[in-house]
Amino acid sequence: MSRRKTRFVCISDTHTATASSVKLPKGDVLIHAGDLTNQGSLSELRKSIDWIETADFEAKIVVAGNHDITLDADFYNEHGRYFHNQHPQDPGACHDLLSNSPSITYLNHQAATILLRSPTGPHTFFKVFGSPYSPAHGLWAFGYPPDKATKLWATIPLDSDVVVTHTPPKNHCDNGTGKGCEALRRALWRVRPSMAVCGHIHEGRGVQRVRWNLGLPCVQYMEEGSELWTDPGIGNKKQSTVDLTSKDGNPIDNNGSRGRQSYSNQVSFSDSPMSSYSFSQADAEEAFSMPTDKSQSVSRETSPTEQSSRSTSQSFRSRLGRKSRSAIIRGLAERSAAQFEEQRTSSGEEFSRLDEHDVEALSGRMGRKETCVINAAIMAASWGQSPKRFNKPIVVDIDLPVWEDAP
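Parameters at a glance
- Residue positions are given per chain, counted from 1 along the sequence in the order it is written.
- Confidence filtering applies because this is a predicted model: local features only for residues at pLDDT of at least 70, side-chain atom pairs given and counted only at 80 or more, and all residues used for totals across whole chains, interfaces and linings.
- With hydrogens and water stripped out, all remaining heavy atoms of the structure feed into the side-chain values.
- A run of H or I in DSSP counts as a helix once it spans at least four residues, and a run of E counts as a strand once it spans at least two, with each numbered from the N terminus.
- Relative accessibility decides the category of a residue: with a 1.4 Å probe and only protein chains considered, values under 20% of the type maximum give buried, values over 50% give exposed, and everything between is partly exposed.
- Whether two residues touch is decided by their heavy atoms; if any such pair falls within 4.5 Å, the residues are in contact.
- At least two bridges found by DSSP between two strands is the condition for calling them paired.
- Salt bridge, as used here: a side-chain nitrogen of Lys or Arg that lies within 4 Å of a carboxyl oxygen of Asp or Glu.
- We define the nonpolar core as a collection of buried residues of types Ala, Val, Leu, Ile, Met, Phe, Trp, Tyr and Cys that are connected through side-chain atoms lying within 4.5 Å of one another.

The name given to the chain in an unreviewed UniProt entry is Calcineurin-like phosphoesterase domain-containing protein, with the source organism recorded as Cryomyces antarcticus.

Undergrad: Would you mind showing me how to read the environment of P251 here?
TA: Structurally, the position occupied by P251 is in the loop between β13 (240–243) and β14 (266–267). Given a relative accessible area of 34%, P251 falls into the partly exposed group. Remark: the alpha-carbon pair of P251 and D397, spanning 146 residues in sequence, is separated by 9.8 Å. When near neighbours in sequence (up to four residues on either side) are disregarded, P251 contacts R209, L244, T245, S246 and E370.

Undergrad: For this particular structure, what's the right way to read the pairing of strand β6 (residues 125–131)?
TA: Note on strand geometry: in a regular strand, side chains alternate between the two faces of the sheet. Of all seven residues that make up β6, seven are buried, and the element is covered over most of its length. Residue alternation in β6 divides its side chains into two sets, F125, K127, F129 and S131 and F126, V128 and G130, and both sets are buried. Here strand β5 (residues 110–115) runs beside β6; their pairing, made up of six bridges, is antiparallel. Note that in β6 the partner of A112 across the bridge is V128. Bridge count between β6 and strand β9 (residues 162–165): four bridges; the pairing is parallel. Looking across to β9, one finds that V128 is bridged to V162.

Undergrad: What is the right way to look at the pattern of salt bridges in this model?
TA: Charged atoms that come close allow side chains of opposite charge to pair. This structure, assessed with the given rule, holds 13 salt bridges. Among the salt bridges present, the one from K127 reaches D159, with a minimum N-O distance of 2.9 Å. Of this pair, K127 sits in strand β6 while D159 is found in the loop between α4 (149–153) and β9, placing the two residues 32 residues apart along the sequence. Classification of D159 as buried rests on a relative accessible area of 0%. Across the pair E370 and R211 runs a salt bridge, and its minimum N-O distance is 3.5 Å.

Undergrad: I would appreciate a short explanation of the nonpolar core in the present structure.
TA: The nonpolar side chains of soluble globular proteins are, as a tendency, buried together. L24, L71, W153 and I156 are the most contacted members of the largest nonpolar core, which totals 55 residues. The element that contributes the greatest number of residues to this core is helix α5 (residues 182–191), accounting for six residues. For L24, the contacting residues outside a window of four places in its chain are V9, I11, L30, W51, A55, F57 and P393.

Undergrad: What's the story with unusual backbone geometry in this structure? I'm lost.
TA: Backbone geometry follows two general trends: most residues other than glycine have a negative phi, and most peptide bonds adopt the trans configuration. One non-glycine residue, F142, lies in positive phi territory at about 55°. Checked against the element boundaries, F142 lands in the loop between β7 (134–135) and β8 (143–144). In this model, C173 sits at a positive phi of 60°, which is unusual for a non-glycine residue. Mapped onto the elements of the fold, C173 is located in the loop between β9 and α5.

Dropping the structure here:
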C-alpha cells in the first residue's frame with residue numbers, strides 16, 4: 001500500500017486564545033489536545049469552537065482538558081458552584097457545542113478512523129484515539145487517581161496510529177518534572193502509535209522521538225532512548241515543523257502494523273459520507289467514573305482496511321509452529337533472563353516481565369518501533385501566570401497509507 005505525506009497542525013492549551021494570538025499554518029488535519037478554555041463557560045467554549053470550525057482543515061480532532069470543566073458533567077455537577085457561583089453553566093449545552101459540530105471530531109476517551117477524501121487532499125487514512133484525562137491535581141476536571149491509571153489507559157486500541165491525550169506520558173514532554181503519567185507511557189509502549197499528541201504541562205512544549213526497546217520479547221515498557229527536537233521556529237518567522245516523512249531521510253520507524261488482536265470497536269456502514277464508528281468504554285468506565293452518553297460516539301467514514309493485517313501475523317504463527325504460546329514465552333524468558341537482570345540493574349528504568357496475555361502487544365506488530373511525542377501547548381507559561389506568551393503550533397509531516405490503495 002502506498003503512502004503519502006499528510007500534514008498535522010498540533011495545538012493544545014489555548015485557554016481561549018484564538019486567531020488574534022495564534023496563527024494556524026496550513027495543513028490537512030488540526031489536532032487540539034485540550035484546555036480550550038480557562039474555566040469551561042459556554043461563552044469561552046463558543047469562542048474557541050467558532051475559531052476551530054472556521055479553520056481551513058479537512059479534519060479537526062479535539063479533546064477536552066482539565067480546565068474545560070463543563071465538559072466533565074459529573075465533576076461540574078458536584079463542583080461547578082466553586083467556579084460559576086454567580087452564573088451557573090449548563091454542561092449539556094456546553095457538550096452539545098462540540099458533539100454537534102459539523103466539522104469537529106470530538107473524542108471523549110474514544111477512537112475514530114479518519115479518511116481524508118478532499119479532491120485536493122492526500123487521500124490518506126489513520127485511526128486516532130483521544131482522551132481528556134490527566135492525573136488528578138487540585139480541583140479540576142477529568143482527573144484520575146494513580147490506582148485507576150493502568151485500567152484507564154489499557155482501553156487505547158492497539159491499532160491506533162495517533163493517540164491524543166491531554167496529559168503527556170511520564171518523562172516525555174513533561175518539562176523533565178516526571179509529572180507526566182507513567183501508566184500512559186506504558187500504554188504507549190503497548191500501542192506504539194506513530195504520533196502521541198498532548199499538552200497540559202505548558203513548559204513541556206516540544207517534541208521527542210521515542211524508540212521502544214523490543215529486543216527482549218518477555219520484558220515490557222523498555223525504551224532504547226529518545227531524540228529531542230530542535231525547534232526551527234524559535235526567534236524567527238519559520239514554522240515549528242517536524243518532518244517524519246521519508247523525504248528527509250529519517251522517517252518515523254513505524255509501519256503501523258495491526259498484528260493479531262480482537263477488536264472491541266463496533267463498526268457500522270451507511271450510505272452517508274460519515275459512518276458510525278463507536279469505541280466501547282466499558283473497561284474505562286470500570287476503571288474510573290466517566291460520562292457514558294452513547295450519543296458521543298464519533299462518526300467518520302470507516303477505513304476499508306480496518307481489519308488487521310494478516311500477512312505479518314501469519315508469519316508469526318508459522319514461526320511458532322506447533323508449540324503453544326506459553327511454551328514459547330517460557331523459552332524466551334529463560335534466554336533473556338540474564339539480559340533482563342543486566343538491564344534492570346544498570347538502567348534503573350521501570351519495566352517488568354511480559355505476561356502471556358500481553359503477547360498481543362508484540363505479535364505481528366514489531367514494525368511499530370518509534371513514537372513521536374508532541375506537546376503542543378500554545379500558552380508558554382503555566383495558567384494564571386503573566387505576562388501571556390504564546391508558542392507556535394507544531395506542524396508534523398508524516399507519511400500515511402492511501403485509502404484508495406486498500407485491498
